[in-house]
Amino acid sequence: MASEATESLEKLTIAEQPAVPVAAPEKNPHPSGLSFEERFDLVRSVAEECINDEDLKRLLANKPTIIAYDGFEPSGRMHIAQGVMKAINVNKLTRAGCNFKFWVADWFAQLNNKMGGDLKKIQTVGQYMVEVWKAVGMDLSKVEFLSSSEEINKRPDEYWTLVMDIARKNNLKRIVRCSQIMGRNETDELSAAQIFYPCMQCADIFFLKADICQLGMDQRKVNMLAREYCDDIKRKNKPVILSHRMMPGLLEGQEKMSKSDPNSAIFMEDSEADVNVKIKKAYCPPQVVEGNPCIEYVKYIVLPWFNKFEIKRNANNGGDKVYTDVEELVADFQSGSLHPGDLKPALAAHLNKILQPVRDHFERDANAKELLKKVRSYKTTR
């Protein structure tokens, strides 16, 4: 006897329906006020990699209400990439007409042993992170924050049927390849819970009815697993993957920021003095752009936020200069006409301007202040 959950799973299989072709750009104006090309360019700009452009065009041309999603483990203080870059990307997607669902992945953080597996602490961190995004300037008019534990418990038959079907259709080796999504390596000794995690994250995409997966490049493997699952169930219209760039740590050789290393990143409520010291110590060799975190911060945080980057310096060093595109800045830095001694103070000043509303919020709002106090008292676990 087929259960409601099984029927729900079968609805995902739409082999009898042909994939919707890419339509011509709409003649009637989109509610966003943007043309088809403007919407595509805006959405595409959030991603270092898109899988794939044709699917994205088809989606924008044919679906009136598009759902984009990102899931995050509440696992400690929020660094600037997760705070500011995510706000920039979400604002672009909602401006293009998407609705955005944040999956507050409390159960996932527990499975991955974040906060020592203490669910109450994890949920407190989740509340703190929402407060950060509110304060930094994310447009929340088309944004939902959904708790994974709450939402799964509302529709457990649907969710766990999906998880089990994904698990049955993949071998252990394929699932272990996804361990990067948890900040783990394939060679790590994984717990049984961590083996289960990728199957659940893959299921999230279908459970949330997401059309776009807008996560970091480090989540690419499980998003590809979701597209492969569509092949398995004969589903024609696959989720589009928009993977944003992973920002490097501030110190030499750090490929990505780490919440467990406070010197590797700017955190969203860092004081002005903290930001100044961290940027001063940051790896920024003269005329070297490759692997230079200061250049990356300007390119992916400052310029998208302000649409300009202002250098203040005395006339002997070339005088003040305003950059509006990264190519000119990179050319000047490589030639030596822009020195780290001028770049760093300007970078710190711009970052402090972005972060000041967040500092003010956590100082003036009693609830936010208490949340931050608790989060700072927690030990961040890998």
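Each remark here, short or long, concerns the structure printed above.
Conventions used here
- Residues numbered from 1 in each chain as written.
- Predicted model: local features only at pLDDT ≥ 70, side-chain atom pairs only at ≥ 80, totals over all residues.
- Heavy atoms only, no water.
- Helix = DSSP H or I, 4+ residues; strand = E, 2+ residues; numbered from the N terminus.
- Areas by Shrake-Rupley, 256 points an atom, 1.4 Å probe, with all protein chains shown as cover.
- Core = buried A, V, L, I, M, F, W, Y, C linked by side-chain atoms within 4.5 Å.
- Buried < 20%, exposed > 50% of the residue type's maximum accessible area, 1.4 Å probe, protein only.
- Contact = heavy atoms within 4.5 Å.
- Expected span 1.5 Å × (residues − 1).
- Polar contact = N/O pair within 3.5 Å; in protein donor to acceptor, adjacent residues only side chain to side chain.
- Disulfide = S-S within 2.5 Å.
- Salt bridge = Lys/Arg side-chain N within 4 Å of Asp/Glu carboxyl O.
- Axes fitted to C-alpha atoms, helices over the stretch in contact; angles between N-to-C directions.
- Parallel < 35°, antiparallel > 145°, perpendicular 65-115°, else oblique.
- Nonpolar A, V, L, I, M, F, W, Y, C, P; charged D, E, K, R; others polar.
- Phe/Tyr/Trp six-rings, centres within 6.5 Å; stacked < 30°, edge-to-face > 60°.
- Lys NZ or Arg CZ within 6 Å of the ring centre and 35° of its normal.

### Some details on the overall build of the protein chain
Each helix and strand in the protein chain was counted, giving 16 helices and 8 strands. Within the structure as shown, the protein chain displays about 17800 Å² of accessible surface, and the carbon and sulfur contribution to it stands at 50%.

### Quick notes on the nonpolar core
Residues I80, Y128, I212, L242, Y297, F309 and L351 are the most contacted members of the largest nonpolar core, which totals 82 residues. Counting residues per element, this core draws most heavily on helix α15 (residues 340–364), at 9 residues. Once residues lying within four places of it in the same chain are set aside, the contact partners of I80 are M85, M257, I266, M268, Y297, I301, L351 and L355.

### Notes on helix α6 (residues 119–136)
Given 3.6 residues per turn, any residue in an α-helix points the same way as the ones three and four places further on. If you check α6, its first and last C-alpha atoms are 26 Å apart, about what 18 residues at 1.5 Å a residue would give, namely 26 Å. Within α6 the residues assigned to the buried category are I122, T124, V125, G126, Y128, M129, V130, E131, V132, W133, A135 and V136. If you check the start of α6, you find a side-chain oxygen 3.1 Å away from the backbone N of K120, and it comes from D118. Within two residues after α6, G137 carries a phi angle of roughly 115°, on the positive side.

### Topic: the state of the cysteines
This structure, assessed with the given rule, holds 0 disulfides. The closest cysteine sulfur to the non-disulfide-bonded C213 is located on C202, 8.8 Å from its own sulfur.

### Some details on the environment of A87
With respect to the element layout, A87 can be found in helix α4 (residues 80–95). By relative accessible area, A87 is classed as buried at 0%. If sequence neighbours within four positions are ignored, A87 has contacts with V136 and M138.

### Here's the deal with unusual backbone geometry
Of the consecutive residues I51 and N52, the connecting peptide bond is found in the cis state with omega at -10°. Relative to the assigned elements, N52 resides in the loop between β1 (49–51) and α3 (53–62). You will see that K209, though not glycine, has its phi angle at about 55°, which is positive. Its location among the elements puts K209 in the loop between α10 (192–207) and β5 (212–213). For Q287, which is not glycine, the phi dihedral falls at a positive 65°. Inspection of the secondary structure puts Q287 in the loop between α12 (272–281) and α13 (293–306).

### Focus on the pattern of salt bridges
If you walk through the whole model with that rule in mind, you get 26 salt bridges. Notably, a salt bridge pairs R77 with D270, separated by 2.9 Å at the nearest N-O pair. Remark: D270 occurs in the loop between β6 (240–243) and α12 and R77 occurs in the loop between β2 (66–72) and α4; sequence separation between them is 193 residues. Looking at D270, the relative accessible area reads 3%, which means it is buried.

### Considerations on the packing of α15 against helix α16 (residues 366–377)
Contact geometry for α15 and α16: axes closest at 5 Å, N-to-C directions at 95°. By the criterion of interaxial angle, the relationship of α15 to α16 is roughly perpendicular. Residues H361, F362, E363 and R364 of α15 lie in contact with α16, whose contacting residues are A366, A368, K369 and L372. Here the residues of the contact of α15 with α16 sort into 4 nonpolar, 1 polar and 3 charged.

### A short note on the packing of aromatic side chains
Tallied over the entire structure, the rule returns 13 aromatic pairs. Summarising the aromatic geometry, the rings of W133 and F145 are spaced 6.0 Å apart at their centres and angled 15° between planes, so their arrangement reads as stacked. Residue W133 is located in helix α6, and its partner F145 is located in strand β4 (residues 143–147); the two are separated by 12 residues in the primary sequence. We classify F145 as partly exposed; its relative accessible area is 26%. With 5.0 Å between their ring centres and 80° between their planes, Y159 and F207 make a pair best called edge-to-face. Taken as a pair, Y159 in helix α8 (residues 156–168) and F207 in helix α10 lie far apart in primary sequence, 48 residues in all. Just as Y159 is buried, F207 falls in that class too. The side chain of K57 reaches across the aromatic face of F40, ending 5.2 Å from its centre. Of note, R155 hangs over the ring of F207, and the distance from its end group to the ring centre comes to 4.0 Å.

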